[in-house]
Amino acid sequence: EAVFDRIASVEEKVGAYLSRIRERALERARVIDEQIRKGEKILPLSGIPVAIKDNMCTDGITTTAGSKILANFVPPYSATVVKKLDAAGAVMVGKTNLDEFAMGSSTENSAFFTTRNPWDTSRVPGGSSGGSAAAVAAGEAVCSLGSDTGGSIRLPASFCGVVGMKPTYGAVSRFGLIAYASSLDQIGPFTRDVTDCALMLNIICGHDPLDSTSADFQAPDYTQFLINDVRGMKIGVPEEYMAEGIAPEVHGLIRKALELLESLGANVEYTTLPHTEYALPTYYLIAPAEASSNLARYDGVRYGLRAEDSEDIIDMFMKTRSQGFGSEVKRRIMLGTYALSAGYYDAYYLKALKVRTLIKEDFDRAFEKYDLLVSPVSPTTAFRIGEKTDDPLQMYLSDVCTISVNLAGIPGMSVPCGFAGGLPVGLQLMGRHFNEGTLLRAAYTFE
Ligand code: GLN
């Protein structure tokens, strides 16, 4: 009830939610309350209000992916993560706003409305999981889930001043996540602090037979890493991430965070990830290529929108997709289809896959020497609404510090490390595959 009261007082200004399920949530809370009163076991998240990004399927609850093409889509099943939260006693409050099909860095590409940054409502919350980040930052949920294909958890976490974790590729099941770029997509939590992040990971990580890319590993108890000790930790700072283009006030806060880690006994030194300059073009070939294939299923036949008054089936496909998709989604489908087409496949897509391997090898080399890499999450603090909407390239540049992590499949985290001009700044922590614990251990310093 407290969360719904908070929603009632701030949601009009923030716009974090696409839908809320008040009655259903309160009923579920009553049932859990009853169980606890009867002396039944208290589950790890009993009664905790959570928000879910609207690209994760929820049985019987509209799931739009921020797109008109799915505006009335009610899935007949829930994503594995949603089921896991449910089984842990969490109470779903609602579904949060996002850039259409998670394509964007500001939530301005939502087909419905733009979410606002709770710290300054003339600014974006970041994207694509802007609704999930804003909901936690504004107290409209205790924690939430987002998805991160190229930074969509870490960027909004940084802009909204909350903790966000993109786990290792394969650590969290993608079953029931509406696919954007399947080899990059990963679900992760937004929380107010690092302890909550560990508690959420405890619930959502682990193998799932329903996702063929889910890793068969034994997830540890992530709270064991909250030890307040970074002595002896070897931290590398990739110089490419601290170069020109990073706003001076962001640079200053990252340096201060590094000094803090050093004063607590970590060994900090500068290093290099030489293929970083190719990450953006590599990502913006691979992600649209996969998207163009994944989005072929929205044809007006199987589910979602179907255009009226078509002459034949081809006309129906064209009208449905023309009316249902927004302009950024269309741009990516065109780019991706082009990169995959005969004659261009080798020159673009295959080349991008090879460069992806070089980027991953940069990280492999760095992690032979360092336990952790540290950088800014974003070159700037939250930008103004409308500032980058006319220039897709400027928007893509917001991802320059985050996308390599997805290309390499490693875990990445944003933890608040201060304010510049009244706006939060996030520190990015990157670690070896399945070493989320090391990230949590370093992040806990900033708790
Ligand atoms: N901004 C990036 C994109 O538009 C990343 C989005 C994401 O991580 N889902 O592709």
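It should be emphasised that the depicted structure is a prediction, and the values quoted were computed from it without experimental measurement. (Residues numbered from 1 in each chain as written. Predicted model: local features only at pLDDT ≥ 70, side-chain atom pairs only at ≥ 80, totals over all residues.)

**Details of the overall build of the chain**
Counting its regular elements, the chain contains 14 helices and 11 strands. At 21 Å, the chain has a C-alpha radius of gyration in line with the 22 Å of a compact globule built from 447 residues. Dimensions of the chain, computed from C-alpha atoms along their principal axes, come out at roughly 70 × 65 × 45 Å. Going through the 447 residues of the chain one by one, you find that 54% of them count as buried. (Helix = DSSP H or I, 4+ residues; strand = E, 2+ residues; numbered from the N terminus. Rg over C-alpha atoms; globule rule 2.2 N^0.38 Å. Buried ≥ 20, exposed ≤ 12 C-beta atoms within 10 Å, placed from the backbone.)

**Some words on the site of the ligand**
With respect to spatial proximity, 13 residues lie near the ligand, and among them Ala102, Ser105, Thr149, Gly150 and Ser152 are the closest. Of the residues in the shell around the ligand, the class split is four nonpolar, seven polar and two charged. (Near = placed C-beta within 6 Å. Nonpolar A, V, L, I, M, F, W, Y, C, P; charged D, E, K, R; others polar.)

**Thoughts on the UniProt feature "active site" (unreviewed entry) in the chain**
In this numbering, the UniProt entry assigns the feature "active site" (unreviewed entry) to Lys53, Ser128 and Ser152. Over a stretch of 100 residues, the named residues converge on one spot in the fold, their C-alpha atoms separated by at most 11.0 Å. Its place among the elements puts Ser128 in the loop between strand 3 (91-96) and helix 4 (130-137). A count of 35 C-beta atoms within 10 Å places Ser128 in the buried class. Those residues in contact with Ser128, other than ones at most four positions away along the chain, are Leu98, Asp99, Ala102, Met103, Gly104, Thr107 and Ser152. Structurally, the position occupied by Ser152 is in the loop between strand 4 (143-148) and helix 5 (154-160). (UniProt positions renumbered as here; feature names shortened; annotations may be inferred. Contact = placed C-beta atoms within 7 Å.)

**A short note on unusual backbone geometry**
Between Gly127 and Ser128 the backbone carries a cis peptide bond, its omega angle lying at 5°. Positive phi, normally seen in glycine, also occurs at Thr107, with a value near 70°. Relative to the assigned elements, Thr107 resides in the loop between strand 3 and helix 4. With 34 C-beta atoms packed within 10 Å, Thr107 lands in the buried category. The residue Phe434 is not glycine, and still its phi comes out positive at about 65°.

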